[in-house]
Structures are given as structure tokens and as C-alpha cells.
Amino acid sequence: MITAKARAVDGSDQPFRTAEIERRDLDVHDVLIEIKYAGICHSDIHTAHGDWGEVDFPLVPGHEIAGIVTDVGAEVTKYKVGDRVGVGCMVDSCGECENCRKGEEQYCLKGNVPTYAGVDKYGEPTQGGYSTHIVVTEDFVLRIPDNIGLDVAAPLLCAGITTFSPLNHWNAGPGKKVAIVGMGGLGHMAVQIAHAMGAEVSVLSRTLNKEEDGLQFGAEGYYATTDPETFTKLAGSFDLIINTVSAQIDMNAYLSLLTLDGTLVNVGAPPEPLSVHAFSLIPQRRSFAGSLIGGIRETQEMLDFCAEHNAVPKIEVISADEIDEAYERVLASDVKYRFVIDTSTM
Ligand code: NAP
Ligand code: ZN
């Protein structure tokens, strides 16, 4: 067993504490990663706070992981000691079902193994990236391009792929008008990626407070959703809308902004239902869709694309003792635009 230092939480209303966790000895296809940076995703907060249902504690969240390979199992072929690598939201899947064979492991018909709050094939609970080391089977390890820092690479492993995948799937590109709802961790990556893909991007944020940043990320339009005129002015404007909001909002208002055959893809995951009127969809043959992270092959594509187009997150690096404070600040939307834990402070 390999002992790692970590930050764990013991209950939905508890603060983080220092912890030591065991990582399994390397199986033949396993890679041992010394984690350098771990991003804080709003999903970590939903999970730790029990928003999506009960979880087993103690819990070590973190699925935006970047680090260095320090050991490999006997039959590992993809990585060697010293490689710069990342791990995202899943660490395994059945590998045999139709979806896994298509490279859509996130939709594994037997359920993918989440990086934390899951159970691995050895029957052990998985623990995430708020720690110094992790052991992952090589097929779920990503290569981080040389020209991006490990600190900014970390958030790409969730915020990057979760926005790249639907933008890619619904063909964001030249001639397409794309709106991003909510400019937090996911949203600010969505703006940069959609812009890099060649789409005309607008941001729909609650206020205009972050407008200057939005335009720098590549948006051409920036609108306040607290201004009712926004919805009149932009009615029927967009081919594709990506909703990244972590709270319940009125989907019907956003669906009215879609043009003929437009699609609103929901990636935000509030615990409350998002209700849709039939007549928000029928008149312009609109679609309302969802999307979950992305497959491993697509995640590597995303990393290479973001490195090539310099689409990297704007981050605030924190120490391991600042996680509780960071959670409070994310909940208050006081984050520009991703907190990343420097694991050397564990
Ligand atoms: P985040 O950094 O907190 O950003 C969320 C943004 O939503 C905020 O910046 C804010 O944007 C907006 N917002 C927050 N509360 C709002 C409210 N009450 N009304 C209207 N807008 C509000 O969170 P994140 O890490 O980007 O994650 C966003 C959501 O995506 C979470 O629910 C997370 O669980 C989910 N997620 C899903 C997947 C997936 O695979 N589908 C993957 C990762 C995360 P403005 O300040 O611009 O208004
Ligand atoms: Zn995430």
C-alpha cells in the first residue's frame, strides 16, 4: 500500500481535515501519480454537501488532477516515470459495453467508476485528487501537453472536457452562434473553447460584472440575465446554448433564445428539477439535451486542442488549508475562475 496525504471531509456540514489515505499497490497496468495540483469543481461541493444524495464519508473529493508519473506497473506501455499526466472524473469502466467500445466510457452501461465517491473493481471506495498521490489504470490517464502548466491543466480535466464535449458534439464552429449561460469554472472554459472552435460566442451571466473578462476570453456579446430586456432582445438568436449554472433556473426563458433547430445543452447539475414547457420546444423544433464530461479519447483531444489554442483556465492557486474558504467563495460566485489546490501544501 502507498500512503498519501489528503484533505478529507467527515460529513456534509463538516470542515476539511488532514488525512492519510491508502492507495493500492500497482497492478500490472497501473500508474502511480504524484499529484501536483487539484482543481475545485462545483461538483465536489454538491457531492460533499450531499446535494445529490447520500455519500460515504470520509470523502476526499477532487477530479481535476495534474501531476507526474512516479512509478508504473510491469505491463504499462503508455506512460513512463517523469511523464506529465492528468486524471479527470472517472478512473475505470467495464471496457466491454457498446458505449465503452465507442470511446464513450463516461456512459459505460455498467456505470463508470468515478474518481471519488465510487467503488473500484477491487471493491474499495475511490478517493479523489485532494491528495498527494493516486493510482490509476493507464487507460484512464491523460497526457498533458508540454506547453501548458500543470496548475492550469488541472481544471481542463473536468471543466475543459465537460464544455468541449457538447461544443464538439453539437458542432460549434464558424457560422454558429453559441451562448454560454453562467461564467464560472465551466463557463469561462466554454467561452474560450467555443471561440477557439470558430463560433460567435455570447455570455449570459447574471450581471455585467465580469464582462471585461468575458470579452477577453473571446466572447463577442455579454448580457445580464437579470435584465428582462436581454430575453426580448436575444429571442430566437442562438444555434446552441450551453447551460453551466449550478442552480435551478428557468429553462423556458433560455429555450426562447434558440433559433429553428437550436439545442440547449444542460451541463449544470442542480439538485432541483429543471422544468420545460412543451411550447418552449415545439414551435421552433428546439431540443433540450444533457451531456456528461467526455470520453478518454475526447479528453486527450481536448487537452491537445486547448494547448494548441492557448485556451487555459484563469486560476487562483490556494493551499490545502484554504479549501473550506474556497468552497464558500465558489458558492458565492466569488471565483475567477477556478480554485486549484497546490498539493505541496498538504
Ligand atoms: P461555478 O464555478 O460555481 O459556476 C457556476 C456559475 O453559475 C456561476 O459562476 C454563476 O455564473 C452561475 N450561477 C450560480 N448560481 C446561480 C443562480 N442562483 N442563478 C443563476 N446563475 C447562477 O460551478 P462549475 O464548477 O462551473 O460547475 C457548474 C455546474 O456544472 C455544477 O452544477 C456542476 O456540478 C456541474 N458540472 C456538470 C458536469 C457534467 O458532466 N455535466 C461536469 C462538471 C460540473 P454568473 O456569475 O456568470 O451568473
Ligand atoms: Zn467537475
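No experiment lies behind these values; they were computed from the predicted model shown.

Observations concerning the side chain of R338
Mapping R338 onto the fold places it in strand β17 (residues 338–342). Within the local environment of R338, its side chain forms a polar contact with the backbone oxygen of I40, the two atoms lying 3.4 Å apart. A polar contact of 2.8 Å, which involves the side chain of R338, links it to the side chain of E64. Not counting residues up to four positions away in its chain, the partners in contact with R338 are I40, C41, H42, E64, P155, A159, G185, L186, K314, I315 and E316.

Observations regarding the nonpolar core
Ranked by internal contacts, the top residues of the largest apolar core, which has 65 residues, are I148, L167, V178, V191, I193 and C306. Formed by 25 residues, the second largest nonpolar core is a distinct cluster that contains I45, A48, V60 and I323.

Focus: the coordination of the zinc ion (ligand 2)
Around a metal, the idealised angle for a tetrahedral arrangement of four donor atoms is 109.5 degrees; for an octahedral arrangement of six donor atoms it is 90 or 180 degrees. Summarising the metal site, the zinc ion (ligand 2) is bound by the protein donors C41 (SG), H63 (NE2) and C158 (SG), whose distances to it range over 2.0 to 2.2 Å. The class of C41 is buried, set by a relative accessible area of 3%.

Considerations on the pairing of strand β3 (residues 30–39)
Of all 10 residues in β3, 7 are buried; the element is thus mostly enclosed. Across 5 bridges, the pairing between β3 and strand β8 (residues 133–137) is antiparallel. Bridge pairing links L32 to V135 in β8. Sheet analysis places β3 next to strand β4 (residues 65–72), joined by 7 bridges and oriented antiparallel. Among the inter-strand pairings, I33 is bridged to a residue of β4, identified as V69. Relative to β17, β3 runs antiparallel, the two sharing 3 bridges. Residue pairing across strands places A38 opposite I341, the latter belonging to β17.

Some remarks on the domain arrangement of the chain
Domain parsing of the chain yields domain 1 (2–158 + 294–345) and domain 2 (160–290). Between the C-alpha centres of domain 1 and domain 2 the distance comes to 26 Å. Domain 1 puts 25 residues into the contact, and the matching count from domain 2 is 24 residues. The junction of domain 1 with domain 2 conceals about 2,000 Å² of combined surface from both sides, 60% of it contributed by carbon and sulfur atoms. Connecting domain 1 to domain 2 are 0 salt bridges. Where domain 1 meets domain 2, there are 14 residue pairs in polar contact (both at pLDDT 80 or more). At the level of elements, α1 (42–48) and α10 (296–309) are the ones that each hand at least two residues to the side of domain 1 that touches domain 2. For the side of domain 1 that touches domain 2, the element with the highest residue contribution is α10, accounting for 7 residues. Tallied by class, residues from the side of domain 1 that touches domain 2 come to 12 nonpolar, 7 polar and 6 charged.

Focus: the sheet that holds strand β12 (residues 221–224)
The strand order β12-β11-β10-β13-β14-β15 describes an open sheet built from 6 strands, whose pairing is parallel. The two strands at the open ends of the sheet, each matched to only one other strand, are β12 and β15 (287–290). Between one strand axis and the next, the sheet turns by 20 degrees as a mean value, whatever way the strands run. Bridge count between strand β14 (residues 258–266) and β15: 4 bridges; the pairing is parallel. By the bridge assignment for β15, L264 is matched with F288. Sheet strands touched by helix α4 (residues 159–169): β10 (177–181), β13 (238–243) and β14. Its angle to β13, the strand with the most contacts, is close to 160 degrees.

Side note on the site of ligand 1
Among the 29 residues in the neighbourhood of ligand 1, the closest are listed as H42, S43, M183, S205 and R338. The contact in question runs from a nitrogen atom of ligand 1 to an N or O atom on the backbone of S291, over 2.9 Å. In the complex, the protein chains occlude 88% of the 920 Å² of accessible area that ligand 1 would expose alone. Looking at the shell around ligand 1 element by element, the count peaks at 3 residues for α1. Residues of the shell around ligand 1, tallied by class, amount to 13 nonpolar, 13 polar and 3 charged. There are two domains that each give the shell around ligand 1 at least three residues, and those are domain 1 (2–158 + 294–345) and domain 2 (160–290).

Analysis parameters
- Residues numbered from 1 in each chain as written.
- Chains lettered and ligands numbered in written order.
- Predicted model: local features only at pLDDT ≥ 70, side-chain atom pairs only at ≥ 80, totals over all residues.
- Heavy atoms only, no water.
- Helix = DSSP H or I, 4+ residues; strand = E, 2+ residues; numbered from the N terminus.
- Polar contact = N/O pair within 3.5 Å; in protein donor to acceptor, adjacent residues only side chain to side chain.
- Contact = heavy atoms within 4.5 Å.
- Core = buried A, V, L, I, M, F, W, Y, C linked by side-chain atoms within 4.5 Å.
- Buried < 20%, exposed > 50% of the residue type's maximum accessible area, 1.4 Å probe, protein only.
- Donors = N, O, S within 2.8 Å, 3.2 Å for Na, K, Ca; no water.
- Pairing = 2+ DSSP bridges.
- Domains from an automatic or database assignment.
- Buried area = accessible area lost by both parts, 1.4 Å probe.
- Salt bridge = Lys/Arg side-chain N within 4 Å of Asp/Glu carboxyl O.
- Nonpolar A, V, L, I, M, F, W, Y, C, P; charged D, E, K, R; others polar.
- Axes fitted to C-alpha atoms, helices over the stretch in contact; angles between N-to-C directions.
- Near = heavy atom within 4 Å.
- Areas by Shrake-Rupley, 256 points an atom, 1.4 Å probe, with all protein chains shown as cover.

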